[in-house]
Amino acid sequence: HARTFVSLTTTLTVLFGDAPVLPLLMIKSSQYLARRNHNLIHYQPLNLSIMKFSQLVIAGAAIAAGVEGFSTVRTMGVRQASPLKMAEAATEVDKMAALATAANEARGLAMDSIAAAHSGHMGLPLGCAEIGATLYGSQMQYNPKDTQWLNRDRFILSAGHGSMFLYSWLNLAGFDLSVDELKQFRQHHSQTPGHPEFPNSEHNTPGIECTTGPLGAGVSNAVGFAVSEKMAAARYNTDDHKIFDHHIFALAGDGCFQEGVSAESATFAAHEKLDNLIILYDSNEVTLDKMAEYTQSEDIMKRYDAYGWETYEIDGHDLAVVEETIAAAKASNNGKPKFIKCNTIIGKGMEETEGTNAAHGEAGVPYVDKARASIGLPEEKWFVSEGTRDFFSGVQEKNQGIYDDWQSTYAAWKEANGDLAKELEDAVADNVMPAAEMIKAIPEMGGEAEATRVSGYKIIQEIAKAVPNYISGSADLHGSTRNYIDNGGNFGAGFDKSYAGKNLYFGIREHSMGAILNGIAYHGIFKASGSTFLVFVDYFRPTIRVASLAELNRVSYILTHDSIGVGEDGPTHQPVETVSGLRVIPNLDVFRPADAEETVAAYVSSVTRADGPTALILSRQNLDQNTDMPASERREGSLKGAYVAKKESGDLDLIIIATGSEVQHALKAAADMPGARVVSMPCMELYERQADDYKESVLPSTCTKRIAMEAGVSAPWYKYASKVVGVDRFGFSAPGDIVMSELGMSAENLASEISTMN
């Protein structure tokens, strides 16, 4: 609450009688004292000097006790507080002292680790130490012994370069991240890589909720977490039992808010009223090259006010205010996400670099010993006091109580809601029907020519039935991409939407959609897909790359209008290089099915894959169905990435490899060639994971006369063929069939090219 200089002086006089109080008032809160605007904490300027943390603690405790908490009765010239208020104030002093000590020791852990590595970013860990102390020491609910607890609060470090901030606090908070691991910061095979990484085959650091990657993405990932929590609460909470009610926290810096993806996601979060989301803005007025004022002059608070967020501006080094503000943000269930601007000093505690862009990197390494001494740390490196360990044992005990109560609630909920409990537990464990069974459970698609996006619409209905935690969304293109889940409801606030809805409307925000999908996947309950035209995938390519790196199998991408077959919209909307550009991303399965039955396999593979994401590349135009081959065989073959779509009727002397819309041309061209085999290869990556004997059976090494065909750039296909019929130029505006024919995508041209081969 707003405190004036006079009331603060009075409060301290109450505590200390006629003793001098001016030393206790030497507070520099980025030259601010709390004020309120729109019921939020802001500041008024104060011209005071920096005080030692012990003085700050006492002053903060006095504020916490409050003037109104003391009687006016005097004894020996000193006002006496009520016993209850005195006890509360004493407890607050103890807690604030412990948090202040922990903040400085976290600074020490970060400095020592970065100095040992001679690599890393000191600025954020030193500048945000009080924020970390408040989150992990007071305001977040978590259990380091059960890092997968469903109702834990989530913390996302959007400014991932400051990773030692997170590693230090995970160590102090009791997670299984030892000091020895901190000493191995940025070293091979350590649990402390340069940027935090979601547990995967390379790293398994406990307490890391998210691989954020480029700046701004973490803010958007956090929106995805908030979506998932709202959806889980709507689906699984009951009137009698609430099992989901946690908060999502993200810490971000100036760079995160300069990146456009955070703005896209902020508008989505406000529009859908995600009030379980709390963004902490590390506002230190510094970017890597220059002071922030060199490249930005906006009023970010007004921007977020305009979006519809609840905004706060505080001193990020004032423990009492940081705690009060975060507590207020958590308690405010008013339909507005929360944005807390924390005014901080980058690299705080290191005189030579603090407040400058030099604090961003490891420039402060030569000054570490001096900085450690200046904040009261002993010479021992990676020092953590017994008092801090004891304090966090108390935090763990408190959180264990919350955890135990939740377990009791969950047990009662499970007993009362058996079917819901099975659905949730299957979702969390990622238990889905095996792919071989799922393809059999989906009805055959029929023999009429059909665009694979249209086939996809029919198939996604079956997927949603087979996988209850499957959800899907679109960047304002549901009518074209055809991935709407019938009777699934729409997610969000207002209109016909609810938080239980399975269909997400992202608006024209592709980059944000990709990052939000990743956040939903990281949250660990739902499987999510998002759609747009393939040519727009470059807007969110960075999020696909991170999903692949993080091995997120819960996310997939539905990308339609896949080639020059788009036609009249012209070359701006005709992807030629895009599919190949996706294929070069490691650990991304790229499926370009040739007909409806291959599309069944593509969708099934996307929801049953265990170790990474899938991109589904679907056509705008109608494609012939390969009815000469049973549907079951096309599905089974597609699940292996490639299969023989037409076997040679004579001695094998030619293999034609094709994918997507070009398989129909390959089948026609080979019809009069007894020695020709047609191989459909909807997914190169899946084919490459098959056993060598299977690959040899499809593409025998004895047959070297091979030609490949795809309506896209030719380069990737030379791995399999000596000649490629591709499109190594941009298209043009005309009806799709004319563009295809003019650029060589026809059975006739394929046959002509084959005739020139030896």
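In what follows, the accompanying structure is described. (Residues numbered from 1 in each chain as written. Predicted model: local features only at pLDDT ≥ 70, side-chain atom pairs only at ≥ 80, totals over all residues. Heavy atoms only, no water.)

### Let's talk about the packing of aromatic side chains
Line of reasoning, step 1. Applying the stated criterion across every chain yields a total of 30 aromatic pairs.
Line of reasoning, step 2. Centre to centre, the rings of W169 and F392 are 6.2 Å apart; their planes meet at 55°, and the pair counts as tilted. Here W169, found in helix α6 (residues 163-172), pairs with F392, found in helix α14 (residues 386-416); they are 223 residues apart in sequence, far enough to count as distant.
Line of reasoning, step 3. A residue is classified by how much of its surface remains accessible, and F392, at 1% relative accessible area, is buried.
Line of reasoning, step 4. A ring pair is formed by F391 and F392, whose centres lie 5.3 Å apart and whose planes are at 85°; its orientation type is edge-to-face.
Line of reasoning, step 5. Connected via pairs of aromatic rings, a cluster forms that spans W149, Y236, F244, Y403, W406, Y410 and W413.
Line of reasoning, step 6. For the cation-ring pair, K290 lies above Y294, with the distance from its terminal atom to the ring centre recorded as 4.7 Å.
Line of reasoning, step 7. Looking at R482, its charged tip hangs above the ring of Y457, at a distance of 5.2 Å from the centre. (Phe/Tyr/Trp six-rings, centres within 6.5 Å; stacked < 30°, edge-to-face > 60°. Helix = DSSP H or I, 4+ residues; strand = E, 2+ residues; numbered from the N terminus. Buried < 20%, exposed > 50% of the residue type's maximum accessible area, 1.4 Å probe, protein only. Lys NZ or Arg CZ within 6 Å of the ring centre and 35° of its normal.)

### Notes on the nonpolar core
As a rule of thumb, soluble globular proteins bury nonpolar side chains together.
Line of reasoning, step 1. With 74 residues, the main nonpolar core has V227 and L582 as its most contacted residues.
Line of reasoning, step 2. In terms of residues, this core owes the most to one element, helix α8 (residues 217-236), which gives ten residues.
Line of reasoning, step 3. With 67 residues, the next largest nonpolar core counts L124, V179, I278 and V321 among its residues. (Core = buried A, V, L, I, M, F, W, Y, C linked by side-chain atoms within 4.5 Å.)

### Things to note about the pattern of salt bridges
Line of reasoning, step 1. Using the criterion set out here, one finds 34 salt bridges in the structure.
Line of reasoning, step 2. The partner of K695 in a salt bridge is E688, with the nearest N and O atoms 3.6 Å apart.
Line of reasoning, step 3. E688 sits in the partly exposed class, given a relative accessible area of 29%.
Line of reasoning, step 4. What you see here is one network of salt bridges that share partners, running through D562, R583, R592, E662 and E710. (Salt bridge = Lys/Arg side-chain N within 4 Å of Asp/Glu carboxyl O.)

### Quick look at the environment of A292
Line of reasoning, step 1. Here A292 shows up in the loop between β7 (277-283) and α11 (300-307).
Line of reasoning, step 2. For A292, a relative accessible area of 3% puts it in the buried group.
Line of reasoning, step 3. Separated by 65 residues in sequence, A292 and N357 place their C-alpha atoms 9.1 Å apart.
Line of reasoning, step 4. Those residues in contact with A292 that lie beyond four places of it in its chain are D254, E285, V286 and T287. (Contact = heavy atoms within 4.5 Å.)

### Overview of helix α23 (residues 631-638)
Line of reasoning, step 1. Every buried residue of α23 is listed here: A631, R634, R635, G637 and S638. Each buried residue of α23 sits inside an arc of 165° when the element is viewed along its axis, so together they form one side.
Line of reasoning, step 2. On its buried side, α23 packs onto α16 (435-441), β16 (589-591), α22 (596-608), β18 (643-646), α25 (684-688) and α26 (692-698). (Arc of directions from axis to C-beta.)

### Quick notes on the sheet that holds strand β19 (residues 654-658)
Line of reasoning, step 1. The sheet built from five strands is open, its strands ordered β18-β20-β19-β21-β22 with mixed pairing. Two strands lie at the open edges of the sheet, namely β18 and β22 (723-725), each paired on one side alone. Taking the axes of each pair of neighbouring strands and ignoring which way they run, one obtains an average angle of 30° across the sheet.
Line of reasoning, step 2. Pairing between β19 and strand β20 (residues 676-680): five bridges, direction parallel. Across the sheet, I655 pairs through a bridge with R677, a residue of β20.
Line of reasoning, step 3. This element, helix α24 (residues 663-670), spans β18, β19, β20 and β21 (706-709) of the sheet and lies at about 170° to β20. (Pairing = 2+ DSSP bridges. Axes fitted to C-alpha atoms, helices over the stretch in contact; angles between N-to-C directions.)

### As for the packing of α8 against helix α19 (residues 510-523)
Line of reasoning, step 1. Two elements in contact, α8 and α19, have axes whose closest approach is 6 Å; the angle formed by their N-to-C orientations is 55°. Between α8 and α19, the crossing angle belongs to the class labelled oblique. Taken as a pair, α8 and α19 cross one another with a handedness that is right-handed. Judged by residue contacts, A217, S220, N221, V223, G224, F225, V227, S228 and E229 of α8 engage A515, I516, N518, G519, I520, Y522 and H523 from α19.
Line of reasoning, step 2. Considered class by class, the residues forming the contact of α8 with α19 number eight nonpolar, seven polar and one charged. (Parallel < 35°, antiparallel > 145°, perpendicular 65-115°, else oblique. Left-handed = near helix turned anticlockwise from the far one by under 90°. Nonpolar A, V, L, I, M, F, W, Y, C, P; charged D, E, K, R; others polar.)

### A short note on unusual backbone geometry
Most peptide bonds take the trans configuration, and most residues that are not glycine carry a negative phi.
Line of reasoning, step 1. A positive phi angle, close to 55°, is found at H118, a residue other than glycine.
Line of reasoning, step 2. Along the chain, H118 falls in the loop between α3 (83-117) and α4 (123-127).
Line of reasoning, step 3. Owing to a relative accessible area of 59%, H118 belongs among the exposed residues under this scheme.
Line of reasoning, step 4. Backbone geometry places D430, a non-glycine residue, at a positive phi of 60°.
Line of reasoning, step 5. Looking at the element boundaries, D430 is found in the loop between α15 (418-429) and α16.
Line of reasoning, step 6. Residue class for D430 comes out partly exposed when judged on its relative accessible area of 23%.

### Concerning the packing of α24 against helix α28 (residues 747-755)
Line of reasoning, step 1. Remark: α24 packs on α28, axes separated minimally by 8 Å, with the N-to-C direction vectors making an angle of 60°. Considering their axes alone, α24 and α28 lie oblique with respect to each other. Handedness of the crossing formed by α24 with α28: right-handed. Two secondary-structure elements touch here, α24 through H665, A666, K668 and A669 and α28 through A747, L750 and A751.

### Some details on the sheet that holds β7
Line of reasoning, step 1. Spatially, β5-β6-β7-β9-β8 is the arrangement adopted by the five strands of the open sheet, whose pairing is parallel. Of all strands in the sheet, those bounded by a partner on one side alone are β5 (154-157) and β8 (310-315). Going across the sheet, the axis of each strand differs from the next one's by a mean of 20°, ignoring polarity.
Line of reasoning, step 2. The pairing of β7 with strand β9 (residues 338-343) spans six bridges and is parallel. By the bridge assignment for β9, S283 is matched with N343.

### Here we look at helix α12 (residues 319-331)
Line of reasoning, step 1. Here α12 spans 18 Å end to end across 13 residues, near enough to the 18 Å set by a 1.5 Å rise per residue.
Line of reasoning, step 2. Among the residues making up α12, those that are buried are L319, A320, V321, V322, E323, T325, I326 and A329. (Expected span 1.5 Å × (residues − 1).)

### Comments concerning the side chain of H360
Line of reasoning, step 1. With respect to the helices and strands, H360 occurs in the loop between β9 and α13 (368-374).
Line of reasoning, step 2. Residue classification places H360 among the buried residues on the basis of a relative accessible area of 14%.
Line of reasoning, step 3. Setting aside anything within four residues of it in sequence, one finds H360 in contact with G120, H121, M122, G123, H161, V286, T287, L288 and I346.

### Quick word on the environment of A232
Line of reasoning, step 1. Relative to the assigned elements, A232 resides in helix α8.
Line of reasoning, step 2. Of the residues examined, A232 reaches a relative accessible area of 0% and is grouped as buried.
Line of reasoning, step 3. C-alpha of A232 to C-alpha of L424: the two residues are 192 residues apart in sequence and 8.9 Å apart in space.
Line of reasoning, step 4. Residues within four places of A232 in sequence aside, it is in contact with N237, F244, I525 and F526.

### Side note on the pairing of β20
Line of reasoning, step 1. For β20, the buried fraction is high: five of the five residues fall into the buried class.
Line of reasoning, step 2. Here β20 shows a buried face lined by A676, V678 and S680 and a second buried face lined by R677 and V679.
Line of reasoning, step 3. Two strands pair when backbone bridges link them, and β18 and β20 are joined in this way by three bridges, in the antiparallel orientation. From the neighbouring strand, Y643 faces β20, where its bridge partner is S680.
Line of reasoning, step 4. Once the chain exits β19 it traverses α24 before rejoining the sheet at β20, and the crossover so formed is right-handed. (Right-handed = clockwise from strand over helix to strand, strands pointing away.)

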